Each structure stands twice: as C-alpha cells, then as structure tokens.
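# A closer look at the structure
Residues per chain are reported as follows:
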Amino acid sequence: MKSRGRSGSLLKVEHVGRSTVEDLDQNTYVNNNANWIIIDTIPGMQPQISWTLVNLLYQALSYLMFHWVTGIPFQSDMHAGAYDDLTMWEQIDDGAQYTPAKKWLFSVPCVLFLASTHYTNYNPWLFAVNLCALVLTLLPKLPQLHRQRVRFLADDRSGASTPVTLSFPPSGASTPVNGGTPPVIITESHFR
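Given the structure is predicted, the values throughout are model-derived calculations rather than measurements. (Residues numbered from 1 in each chain as written. Predicted model: local features only at pLDDT ≥ 70, side-chain atom pairs only at ≥ 80, totals over all residues. Heavy atoms only, no water.)

### As for the packing of aromatic side chains
Each aromatic ring pair is summarised here by two numbers: the centre-to-centre distance and the angle between the ring planes. Scanning all chains against the criterion turns up 4 aromatic pairs. On the basis of an interplanar angle of 80° and a centroid distance of 6.2 Å, the ring pair of Phe66 and Trp89 is categorised as edge-to-face. Placement of Phe66 in helix H2 (residues 47-68) and of Trp89 in helix H3 (residues 88-91) is noted, with a sequence separation of 23 residues between them. Of the residues examined, Trp89 reaches a relative accessible area of 3% and is grouped as buried. On the basis of an interplanar angle of 50° and a centroid distance of 5.6 Å, the ring pair of Phe113 and Phe127 is categorised as tilted. A residue pair is termed long-range when its members are at least 10 positions apart, and Phe113 in helix H4 (residues 100-119) and Phe127 in helix H5 (residues 124-138) qualify at 14 residues. A cation sits over an aromatic face here: Lys141 above Trp89, 5.1 Å from the ring centre. (Phe/Tyr/Trp six-rings, centres within 6.5 Å; stacked < 30°, edge-to-face > 60°. Helix = DSSP H or I, 4+ residues; strand = E, 2+ residues; numbered from the N terminus. Buried < 20%, exposed > 50% of the residue type's maximum accessible area, 1.4 Å probe, protein only. Lys NZ or Arg CZ within 6 Å of the ring centre and 35° of its normal.)

### Considering a nonpolar patch on the surface
Taken together, Phe127, Leu131, Val135, Leu139, Leu142 and Leu145 make up a surface patch of nonpolar side chains, about 420 Å² in accessible area. Along the chain, Leu145 turns up in the segment after H5. (Patch = residues over 30% accessible without salt bridge, like charges linked within 9 Å, V, L, I, M, F, W, Y side chains within 5 Å. Areas by Shrake-Rupley, 256 points an atom, 1.4 Å probe, with all protein chains shown as cover. Salt bridge = Lys/Arg side-chain N within 4 Å of Asp/Glu carboxyl O.)

Right under this line is the structure:
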C-alpha cells in the first residue's frame, strides 16, 4: 500500500494585492472599518485617552454586571429567591471555578488591559490607572473571594437583591377589610 506524502505545511501564506496606486489611496483616506471606537469621535480626543476610557468603561460595566448586581434581573419570582444573594459571577456554571466560561471572562479584561497599555505608549500614569481598574475587576473573580462582598458606597448593609420585590405581610396577618365588611370565605362549594 502506497502512503500519501506529507505536505510541507498546513498553513500557506501568500501576498495579497499589488504595490500600486491603491496603496496611495489607502493611506489617503481614513478606514472606518478599522477606526470604530466611538470615543474617538469626540473632538480633540487622543488615542491614548480613548483607549484608557474604553478600558475603564469596560472594567466598570463588567464589575457592575458580574460582581455588584445580585439576583436574577428578569422573572426572579420563578426561582423562589434561590439566587437573590448571588452575583452573576457566582451563578455562572453553578458556582464552579476554572470553567471555560470563567477563564474566558477572566482573560478578556487582561487582554484589554494589555491593548490599552500598548496603545497608550506605556505612559506610566495611564498604566497605573489601567492597572488599578484591572485589579479591581479581577479581584472579585478569584476563587478565594467566592461569595465574599466588598461594597463601595453601599447605602445599606443588608445586601438587598436586585430587583427589589414587594414585601408581603407574614402569613397569619389579617387582610385589611374595606368599609368594615367581613371577608368572604371561599369554600369548595364555590368551585362546583
């Protein structure tokens, strides 16, 4: 039996395009496909500041969504309060650590930090700001801080869940009666 010979490589790299007048056109016009960061549209915005702002906005939003808000934001009444005290990070993969989803969500802020550090030309002040944001975002993701809360500017110590549900009187409390009329007692005969 004759075996097939191995190719030199599974990857082929080839040059696309020619060095012609098109290169002049590409350098003349701004490529909107590559410049899509909205913050760059602010007049006078420097790339170093825009990358730092993108990093800070992402870090702040991810901290808010993954580590600040507790409970289930939609249809929380269907779970009988089982998730009211858990953040979204603690709910991902039923609280298991080192899952692919949590590894990915841990690496995204790191990659964004590295990109923002590179595009700020390693400015020490912007590096410090970006590093502080990264540390504040990554600390709650560590397994040692699972179900631990560090709250800044917390208005109460109860850690009330989100969304806030209406509180009902405890069972056994009397229902208020309008006009002093006694409540109607429903029996099986009403359902026949």
